[in-house]
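The residues making up each chain are set out below.
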Amino acid sequence: CTRRPSTSPVLNLNPFFLLEDGPDQKTATSQVGRAATLVFSSLKFASLLFTESLHPDLFRGTPLCMAQFRHIFGSARIPIQSGGKNERDIVTSDPDSKHMAVLCRGQLYYFRALHDDGAVALKEPDLVNILEAILMDSSKMEESERAKRGVGVLTTLDRGRWALVRESLLKQSDHNKAALEIVDSALFVLVLDDFAPSDIHEAAANCLHGSYKLAADKNEDFFQSGTCINRWYDKLQLIVCTDGSAGVNFEHSAVDGHTALRYVSDIFADTVVSFAQSITKTIYSKDHIPSHLNAPVRADGSLDTRPKRLEFEINPYCLEQMHYAESLLGDQILANESHVLEFKEFGKTFITGNKMSPDSFVQMSILLAYYKLYGEFVCAYEPVLTKRFLHGRTEAMRSATPKAKLFCECWCSSFPTRKEKIQHLQDAIKEHASIVKECAAGKGVDRHLFALKSIANKNNLPVPDLFDDSGYKKLNHTYLSTSNCGNPSLRLFGFGPVVPDGFGIGYIIRDSGLQYTVTSKHRQTERFVNTLARYLHEVKEFFGESEKIVVRNHRQSSQEMEIDNFTKGNEPDVSPRNKTKVAQDMMYADAFDDMYGETTMMDRVKRRPSVDAKKLANIGLDLDLDVVSPGGVKRKLSAGT
């Protein structure tokens, strides 16, 4: 095992997803409406996990390991202050968690959401009422005062410092201890951001690290009022903005991108199914379009589901550390930039039509863009899924292969012909795809070597000289940390760079487009993205139009068609007019970098004792507020609503 990372999880550890817009326009642009639909679907997903009824993951008919799903809900990454040199973070999981937490304007709330048997205890209208009550309550406090109560900002500190402050909170009072237990054991955290991104780049940045905005109090002292302090980075967070845009920021220690993607895909698909059912219910029965999240829902009023505000007793030391935390966080945000490329000229269909692996094609585009910009061929990392094995996570694929280097040099030279450049691209792609296949089959070397190093550290054995070799260190200085993770439910996927002079690049491959989210510490990120786009346009020009439909005379013979191709100068071996799609043997590469040894935390995942129901009932302030129903009638929010 290695020591805990010395860095903050913001930008360094936690990746994000940005969801596509909601299918129902009545709720798609409403913060409360969108949040209620996504929370309702999330609770159904959690219910199926609790009853072990969730359909298993499959890849080409092969079942994948589902062990990570035990830690997606009710889990938290907790820094432990032990006083030793080998201090660790641990992941605690409460398999019996039945409540969820809400962060709104920096203030924490929670409410009971599942019955003891796992059935969902609330319907969407109930959730709408609860969230409206929380929004109303969170707006009562002055903004400057809220900044002094936002304990979540402490989770942005480096792990050692957060361990010290957390220990101070725990020693302050039993109330704080119970409050932290409630947050740590919550199913997940719903984050309601008082913010609407102005463009796609801002939306990506908000999901990754939140917004930066300074305000002044009555004494003209500045404080942070951006959404960056409205977070709890030790847990799974579902983020919804005022315009209805939504995303997920997840703690990565015990959960990889593929697992989080399954959760996001299922809840997004459930909102699509619900919308489709609302359209067809007048013609068919509601069950005519079956839901894949068919969890039991029993909103019978037998549980107290009223939201409670969760407050901490904050001593001067903790208050001081909260100020330092938001100042340090501001530095990180201002030192980082995010830029998005939504390339729509071609996608998977074009790439496979030219007999190339889409994932390998994108990897070559990233290497080429860096080479075009700097004239250097650098280390690149891509994780490859190994969940076909028990407790499998990822293997490291090193995309900077000899043939990839030849491709970059050839493509950027003015001497080779187009045909030669295309041949080098195809050769590099074939080599990459072959190594990806080996990694997916458990034949990689990175994780094996890392395991040996961890065993040596854990057992106080001499670490082999290999790990101090300059070549090994260079291999692990990842200038280009990349990952492929996505499907039609996602608009973007991304994460921060893993080294100060590197790029973090998450990408999604669509049938007719490619989505890149690029982050760096101001390494001309926008220019890198523009260079990437220029290369993709060059590829389109070199290969020609794909799958173009041409209206022909029905009597035109095949011989006439060959003559027509020849006279127009088409090269059959490069861009044939009528391509036969060949099935590609492409492996699914996903998740993201394990630069900080996150895989070693799996042996420290602990089952958290379930939170006493009495604590849930007694900790926090009830929100007994007037709520306006859809019909405009005011009523009290109470148990069972």
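Residues numbered from 1 in each chain as written. Predicted model: local features only at pLDDT ≥ 70, side-chain atom pairs only at ≥ 80, totals over all residues. Heavy atoms only, no water.

Q: Residue-level account of the overall build of the chain, with values.
A: Each helix and strand in the chain was counted, giving 18 helices and 24 strands. Split into buried and exposed, the 641 residues of the chain put 56% on the buried side. Look at the contacts in the chain between residues 6 or more apart in sequence, and 75% of them connect residues 24 or more apart. Looking at the chain as shown, the accessible area adds up to about 27,600 Å², and 52% of this sits on carbon and sulfur atoms. (Helix = DSSP H or I, 4+ residues; strand = E, 2+ residues; numbered from the N terminus. Buried < 20%, exposed > 50% of the residue type's maximum accessible area, 1.4 Å probe, protein only. Contact = heavy atoms within 4.5 Å. Areas by Shrake-Rupley, 256 points an atom, 1.4 Å probe, with all protein chains shown as cover.)

Q: Any chance you could break down the packing of helix H5 (residues 159-172) against helix H9 (residues 316-334) for me, citing the residues and the numbers?
A: H9 packs onto H5 with a crossing angle of 150 degrees between their chain directions and a minimal axis gap of 10 Å. As far as their axial angle goes, H9 and H5 are roughly antiparallel. Considering the relative orientation of H5 and H9, their crossing is left-handed. Only Tyr317, Cys318, Gln321, Tyr324 and Leu328 of H9 make contact with H5, whose side of the interface consists of Arg161, Leu164, Val165, Ser168 and Leu169. (Axes fitted to C-alpha atoms, helices over the stretch in contact; angles between N-to-C directions. Parallel < 35°, antiparallel > 145°, perpendicular 65-115°, else oblique. Left-handed = near helix turned anticlockwise from the far one by under 90°.)

Q: Give me the packing of aromatic side chains: which residues, what numbers.
A: Following the criterion strictly, the structure yields 23 aromatic pairs and no others. Where Phe350 meets Phe543, the ring centres are 6.1 Å apart and the plane angle is 80 degrees; that geometry is what we call edge-to-face. Of this pair, Phe350 sits in helix H10 (residues 348-353) while Phe543 sits in helix H16 (residues 525-543), placing them 193 residues apart in sequence. Residue Phe350 shares its accessibility class with Phe543, and that shared class is buried. (Phe/Tyr/Trp six-rings, centres within 6.5 Å; stacked < 30°, edge-to-face > 60°.)

Q: Talk me through the sheet that holds strand E7 (residues 107-112); I want residue IDs and the actual numbers.
A: Read across the open sheet, the nine strands follow the order E18-E1-E12-E11-E8-E6-E7-E13-E22; overall the sheet is mixed. Pairing within the sheet leaves two strands with one partner each, and these edge strands are strand E18 (490-494) and strand E22 (621-622). Both strand E6 (residues 99-104) and strand E8 (residues 189-192) contribute to a ladder of four bridges, which runs parallel. Among the inter-strand pairings, Cys104 is bridged to a residue of E8, identified as Leu192. Along the sheet, helix H3 (residues 124-138) makes contact with E6, E7, E8 and strand E13 (308-310), crossing E7 at roughly 155 degrees. (Pairing = 2+ DSSP bridges.)

Q: Which residues make up unusual backbone geometry, and what values go with them?
A: Of note in this structure, Lys355 is not a glycine but carries a positive phi near 60 degrees. Turning to its location among the elements, Lys355 is positioned in the loop between H10 and helix H11 (358-374). Positive phi is not limited to glycine here, since His391 has a value of about 60 degrees. Locating His391 in the fold gives a position in the loop between strand E15 (380-385) and strand E16 (394-398). By relative accessible area, His391 is classed as exposed at 51%.

Q: Could you give an account of the pattern of salt bridges, naming the residues involved and the relevant values?
A: If you walk through the whole model with that rule in mind, you get 26 salt bridges. The residue Arg77 makes a salt bridge to Glu251 at a minimum N-O spacing of 3.4 Å. Of this pair, Arg77 sits in strand E4 (residues 75-79) while Glu251 sits in the loop between strand E12 (246-249) and helix H8 (257-280), and the two are 174 residues apart along the sequence. When its relative accessible area of 2% is taken as the criterion, Arg77 is described as buried. Of the charged contacts, one joins Asp193 and Arg231 as a salt bridge, the two residues approaching to 2.9 Å between their closest N and O atoms. Of this pair, Asp193 sits in the loop between E8 and helix H7 (200-209) while Arg231 sits in the loop between strand E10 (222-224) and strand E11 (237-240); the two residues are 38 residues apart in sequence, bridging distant segments of the chain. Arg231 carries the same exposure label as Asp193, and that label is buried. A single salt-bridge network, built from bridges that share partners, covers Arg77, Asp89, Arg159, Asp234 and Glu251. (Salt bridge = Lys/Arg side-chain N within 4 Å of Asp/Glu carboxyl O.)

Note that all results are geometric; they support no functional claim without further evidence.
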